[in-house]
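Report on the structure
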Number of protein chains: 2
Amino acid sequence: MENSLTSSYTDSLLIKQLLHTPLQIRPEQEIVSGSRRHSYGLFRQRIGKLSSALSSIGVRFGDTVAVMDWDSHRYHECYFALPMMGAVLMTVNVRLSPEQVLYTLNHSRASVVMVHRDFLPLLDSVRAKLEFADRFVLIGDEDSSLPASHFVGEYEQLLAAGDSAYAFPDFDERTRATTFYTTGTTGTPKAVAFTHRQLVLHTMAGMAALTSPREKGRVHRDDAYMPITPMFHVHAWGMPFIATALGLKQVYPGRYAPDKLLTLIRDEGVTFSHCVPTVLSMILHSPLAESIDLSSWKVIVGGSPLSKGLAKAALERGVDAYTGYGMSETCPLMSFSRVDPLTEADDDLDAELARRTKAGLPLPLIDMRIVDEEMRDVPRDGVAVGEVVVRMPWATQCYVGNEEATAQLWRGGFLHTNDIGLITQSGGLQITDRMKDVIKTGGEWVSSLEIEDILSRHEAVRDVAVIGVKDDKWGERPLAIVVLNEEEAGSIGPEQLRAHVGEAASRGIIPRFAVPERFLIVDMIEKTSVGKINKRALRERYQNV
Amino acid sequence: MENSLTSSYTDSLLIKQLLHTPLQIRPEQEIVSGSRRHSYGLFRQRIGKLSSALSSIGVRFGDTVAVMDWDSHRYHECYFALPMMGAVLMTVNVRLSPEQVLYTLNHSRASVVMVHRDFLPLLDSVRAKLEFADRFVLIGDEDSSLPASHFVGEYEQLLAAGDSAYAFPDFDERTRATTFYTTGTTGTPKAVAFTHRQLVLHTMAGMAALTSPREKGRVHRDDAYMPITPMFHVHAWGMPFIATALGLKQVYPGRYAPDKLLTLIRDEGVTFSHCVPTVLSMILHSPLAESIDLSSWKVIVGGSPLSKGLAKAALERGVDAYTGYGMSETCPLMSFSRVDPLTEADDDLDAELARRTKAGLPLPLIDMRIVDEEMRDVPRDGVAVGEVVVRMPWATQCYVGNEEATAQLWRGGFLHTNDIGLITQSGGLQITDRMKDVIKTGGEWVSSLEIEDILSRHEAVRDVAVIGVKDDKWGERPLAIVVLNEEEAGSIGPEQLRAHVGEAASRGIIPRFAVPERFLIVDMIEKTSVGKINKRALRERYQNV
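Basis of the calculations
- Residues numbered from 1 in each chain as written.
- Chains lettered and ligands numbered in written order.
- Predicted model: local features only at pLDDT ≥ 70, side-chain atom pairs only at ≥ 80, totals over all residues.
- Heavy atoms only, no water.
- Pairing = 2+ DSSP bridges.
- Helix = DSSP H or I, 4+ residues; strand = E, 2+ residues; numbered from the N terminus.
- Axes fitted to C-alpha atoms, helices over the stretch in contact; angles between N-to-C directions.
- Buried < 20%, exposed > 50% of the residue type's maximum accessible area, 1.4 Å probe, protein only.
- Contact = heavy atoms within 4.5 Å.
- Right-handed = clockwise from strand over helix to strand, strands pointing away.
- Parallel < 35°, antiparallel > 145°, perpendicular 65-115°, else oblique.
- Nonpolar A, V, L, I, M, F, W, Y, C, P; charged D, E, K, R; others polar.
- Domains from an automatic or database assignment.
- Buried area = accessible area lost by both parts, 1.4 Å probe.
- Salt bridge = Lys/Arg side-chain N within 4 Å of Asp/Glu carboxyl O.
- Polar contact = N/O pair within 3.5 Å; in protein donor to acceptor, adjacent residues only side chain to side chain.
- UniProt positions renumbered as here; feature names shortened; annotations may be inferred.

**Concerning the sheet that holds strand E17 (residues 367-371) of chain B**
Residue and element names in this part refer to chain B. Ordered by their spatial adjacency, 4 strands build an open sheet running E17-E18-E19-E20, and the pairing between neighbours is antiparallel. Of all the strands in the sheet, just E17 and strand E20 (428-434) have a single pairing partner and so form its edges. Neighbour to neighbour, the strand axes of the sheet diverge by 50° on average, direction disregarded. In the sheet, E17 pairs with strand E18 (residues 386-391) via 5 bridges, with the strands oriented antiparallel. Residue Ile 370 lies in a different strand from E18, and its bridge partner there is Val 388.

**Brief notes about the pairing of strand E3 (residues 64-68) of chain A**
The side chains of a regular strand alternate between the sheet's two faces. Residue and element names in this part refer to chain A. Counting buried residues in E3 gives 5 out of 5 residues, a clear majority hidden from the surface. Of the two faces of E3, the one carrying Thr 64, Ala 66 and Met 68 and the one carrying Val 65 and Val 67 are both buried. Taken together, the 4 bridges between E3 and strand E4 (residues 88-91) define a ladder with parallel strand orientation. Looking at E4, one finds that Val 65 is bridged to Leu 89.

**Some points on the environment of A:Leu415**
All names here are of chain A. Within the secondary structure, Leu 415 is located in strand E19 (residues 415-424). Assessed through its relative accessible area of 0%, Leu 415 is described here as buried. The spatial distance from the C-alpha of Leu 415 to the C-alpha of Asp 71 is 30 Å, given a sequence separation of 344 residues. In this structure Leu 415 touches Met 327, Glu 329, Thr 330, Val 388, Val 389, Val 390, Ala 395, Leu 409 and Trp 410, once residues within four positions along its chain are discounted.

**Notes on the pairing of strand E3 (residues 64-68) of chain B**
All names here are of chain B. Tracing the backbone out of E3, into helix H3 (residues 73-84) and back to the parallel element strand E4 (residues 88-91) gives a crossover that is right-handed. Two elements, E3 and strand E5 (residues 112-116), share 4 bridges in a ladder whose sense is parallel. Each residue of the ladder has a partner; that of Met 68, found in E5, is Val 115.

**Quick look at the packing of helix H7 (residues 196-211) of chain A against helix H9 (residues 239-246) of chain A**
When two helices pack together, their arrangement is captured by the angle between the axes and the distance separating the axes. Residue and element names in this part refer to chain A. Between H7 and H9, the least distance of the axes is 9 Å, while the angle of their chain directions is 70°. Considered as vectors, H7 and H9 are oriented roughly perpendicular to each other. Residues Leu 199, Thr 203, Gly 206, Met 207, Leu 210 and Thr 211 of H7 pack against Met 239, Phe 241, Ile 242, Ala 245 and Leu 246 of H9. When its residues are assigned to classes, the contact of H7 with H9 shows 8 nonpolar, 3 polar and no charged.

**Section: the domain arrangement of chain A**
Residue and element names in this part refer to chain A. Splitting chain A by domain gives domain 1 (15-195), domain 2 (256-365) and domain 3 (439-542). With centres defined by C-alpha atoms, the gap from domain 1 to domain 2 works out at 29 Å. The interface of domain 1 with domain 2 comprises 7 residues on the first partner and 6 residues on the second. Across the interface of domain 1 and domain 2, roughly 550 Å² is buried in total on both sides, 56% from carbon and sulfur atoms. For the domain 1 face of the interface with domain 2, the top three residues by lost area are Asp 71, Thr 182 and Phe 194, together amounting to 53%. For the pair domain 1 and domain 2, the number of links is 1 salt bridge. Among the salt bridges present, the one from Arg 37 reaches Glu 268, with a minimum N-O distance of 2.5 Å. Inspection of the region where domain 1 meets domain 2 yields 2 residue pairs in polar contact (both at pLDDT 80 or more). Taken together, the elements giving at least two residues each to the side of domain 1 that touches domain 2 come down to strand E8 (176-182) and strand E9 (190-195).

**So, the environment of A:Leu54**
Residues and elements named next belong to chain A. Its location among the elements puts Leu 54 in helix H2 (residues 40-56). Judged by its relative accessible area of 1%, Leu 54 is buried. Sequence separation between Leu 54 and Leu 158 is 104 residues; the distance between their C-alpha atoms is 8.2 Å. Sequence-distant contacts of Leu 54, defined by excluding residues within four places in its chain, comprise Val 59, Leu 82 and Met 85.

**A look at unusual backbone geometry**
Each neighbour pair has its own omega, and for A:Cys331 with A:Pro332 the value is 10°, a cis peptide bond. Following the sequence through the fold, A:Pro332 ends up in the loop between strand E14 (320-326) and strand E15 (333-336). Positive phi, close to 85°, is recorded for B:Glu142, a residue that is not glycine. Relative to the helices and strands, B:Glu142 resides in the loop between strand E6 (135-139) and strand E7 (151-154).

**Notes on the sheet that holds strand E13 (residues 298-301) of chain B**
Residue and element names in this part refer to chain B. Across the sheet, which stays open at both edges, the 9 strands sit in the order E2-E1-E11-E10-E12-E13-E14-E15-E16 with mixed pairing between neighbours. With partners counted over all chains shown, the strands left at the sheet margins are strand E2 (36-39) and strand E16 (361-362), one partner each. Two strands pair when backbone bridges link them, and strand E1 (residues 30-33) and E2 are joined in this way by 4 bridges, in the antiparallel orientation. Each residue of the ladder has a partner; that of Glu 30, found in E2, is Ser 39.

**A few points about the UniProt feature "domain: AMP-binding enzyme C-terminal" (unreviewed entry) in chain A**
In this numbering, the UniProt entry assigns the feature "domain: AMP-binding enzyme C-terminal" (unreviewed entry) to residues 450-532 of chain A. Secondary structure across residues 450-532 of chain A divides into 24% helix and 30% strand, with the first and last C-alpha atoms of the span separated by 17 Å.

**Brief notes about the interface of chain A and chain B**
Taken together, the 70 residues of chain A in the interface contact 71 residues of chain B. Carbon and sulfur atoms make up 53% of the area that chain A and chain B hide from each other, which totals about 6,600 Å². For the interface between chain A and chain B, the tally reads 9 salt bridges. Residue A:Arg197 pairs with B:Glu173 through a salt bridge whose shortest N-O separation is 2.8 Å. Seen at the junction of chain A and chain B, the total is 21 residue pairs in polar contact (both at pLDDT 80 or more). A total of 9 residues in the side of chain A that touches chain B trace back to one element, the largest contributor, which is H7(A). When its residues are assigned to classes, the side of chain A that touches chain B shows 32 nonpolar, 22 polar and 16 charged.

Dropping the structure here:
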């Protein structure tokens, strides 16, 4: 009797399988985008037409198709249609410099570019240097007129000529489905790629982790979803795949503007989103926010740490905000906060804020370790810190075409997050800092995140970054860079901020030597193209200030 | 650039990966069994010891180990330890006849049998004819003395000598993990087998489906789980894998007795179980049930259809009872009721009972069709019926060693459930009958389940089965076989029952010709070894009555 069982049918894990259940259980469920509004049933017809139309312009199995668009129903269609026909979806980060956009289009060998009218100037600035792209599809967005002869057609017109009955083929589950580029803060962008198998497993594990909490900090089948992290960025955290598999109502907001997002939350009954802290802060501080009921809205905050201050501001508006932890290389989801208390003793505001700002509980199947520099496990005592390293069936296999970076990422057989963290008894993972952001002072490590978190809870502080700057005596010392709320900008200065951090030190929350001597009050803190604090740029700018 | 991405580490889907998250997030969570009570952390140590001990008695990769036990922490340990060491767990259906048990032990080539003291007479009656089993482990359950010289040891004593640090190896995800036998109602038992990959995917899809509903009919991370379908039966519906991956408190009840189950629900705070309708009825009708608060208990009912009458009786006690649909060949989960209403208009008792008794919404990734005899899809209009056929990545590949039955199961490339059903607009799948139980009368099909359901709602009816019996004029006619509640047995007869069904026909719920002429009142309705109504036996017994 053989011990390895072979299959009676092609049992590959393929993205098309994510559509079976929602199309059966909620075919009338809505997808909203701009003035457009259609059902899941029509969505299925449209992706058939899209793939049929792309076939007719020569897109074949294994070809890469690049997309430059705002967050729209079209992007959602490309998430499914392109991989399901065996092509690779390449999501262009339109916030990169033209040189970087050119690099990524050529490195990915994208042969077709689908481009929204708003990004034509960006594309035109690099088009002459494109090495592989030879077909261009205009995303006209209400206006289908073609601006130049190199366009093979406009999105809606192509669809109108397509065949909704297009038969999506079966193939190997390890076929590449998506590719995109991580920029980090150094070097040339690195290509990350994911297979059908990985995206299906990420979707299944993400669904289970999102929906299994008891009450708070959970998603359910009757939620209405709107992404507020760009769809070019790590598949909008994979959430459009999860939302579709769950059969949720979906709302695509186009170009982000706080008032538009708020209006959509109100008018479309959005209950579930995800964004970076900066965007949540902008939404909560928008004047329009005061007149809109946000008490049914839950939002997963990631990309950068959710501070206790921002979590508190969200809670005060009734928003169920909590942390999602991940990175491009992990598809990206790794963990979510546990928001529900485990014991009654834990059921107070401080404990809740601590839970909401922790990275929390890993998704199913993740083998997560906290290790020292020799890859030995540190104790799981809520005190010992080390680097977070992981294995999971949906982790990226490699940086495409970059063996050196791949070997570095996977050294010792585990994926290195470059994050420093600890695991507490009940709250799961807590990230204490990035490896490169931790401040080394007098032989000790000081977490820049902890000081930022303390400052974020000062009522006058709107944004904050803490970096290490060189110091002759101590090696490095922390420097706090702070943006104040407009109404309080005049009355608060470095003295008050230092006293606030000093008070936390006197309560034993951080060591005495972690209190910065210097506080810079600025108008704005520089962010990366995906909205994270750009600490590398800050270190360069403020190293000698 | 190659399009198929290979792996940087062994990314096989293996049962051991289900333990990563619970061991990290809830190492102190409890597993309760008899007088025993231990943590997930200790459970992890015990499965290391068990595998180490089994290695020391010669169990190797690919060997089959048979288990004969009540539902216990030991069975739970075998669910993990055996597959994780590369062996195959064979779960013996101890309710089968000795001849059938012998057949399954020999057919599976089990070389080791782990047997609870209570099943020694059964094992002894067939031991001389075992072809492969040559090592026996006693499950002493508090008493470790070995009754005979052919035992290599007692479970707890073997564990005591084992090594908790046993290293579970990586291997191909298509390695067989479990095997068991379906008895159906005809022929010799057929072997069904599942791989690590299938069980992991079943666990992930089951988690997502169980936890994603909004409010009613859902499981969450803080539930306490107790199985009430035997662990030898389709891995207790795969629920122990799901409960463990979610990190739930788990309670194993040993041999089933209604009062013991009720006591455990009360004393251990059990909130989530699953059972067949007969067992739920026994629990609800137990005198002890009156004094126990069941309002936190949810129970998934499957194996046989949950009738509206039983669902109503459960609801009246505050029990959140709903339907799970599946079969041995699908690991077994295929769908759960949608209990939450989709619209306010649907929010009444009748609509809720209809939802709770429907098979409901398929798990993610399932391709479910309703087809006619030529495999053409019937309309999804809530009226047209056909056979339910499915594909899913965790469906069994074959009946091991039975090509003819395998070909029959997978004809046309889909797995045939032999169930007749329809798909409604909002409620998902509704099973109307088994292919072989549907009653063919005068050229029409009458659903035996619909008539049973109507009779189940008569307050005097405790159990009911409807079968087709030969009729010279119509081909077949329905015969209703009814068990009455003790207190009403004297006052109700066939006349009242016929009037009750006739009333449903006059309201258009069933056609006139579906009303049985004959009602037999009996003391007991025969069940199969797993608690389903044995319609084959009933047809034989009552064909000429």
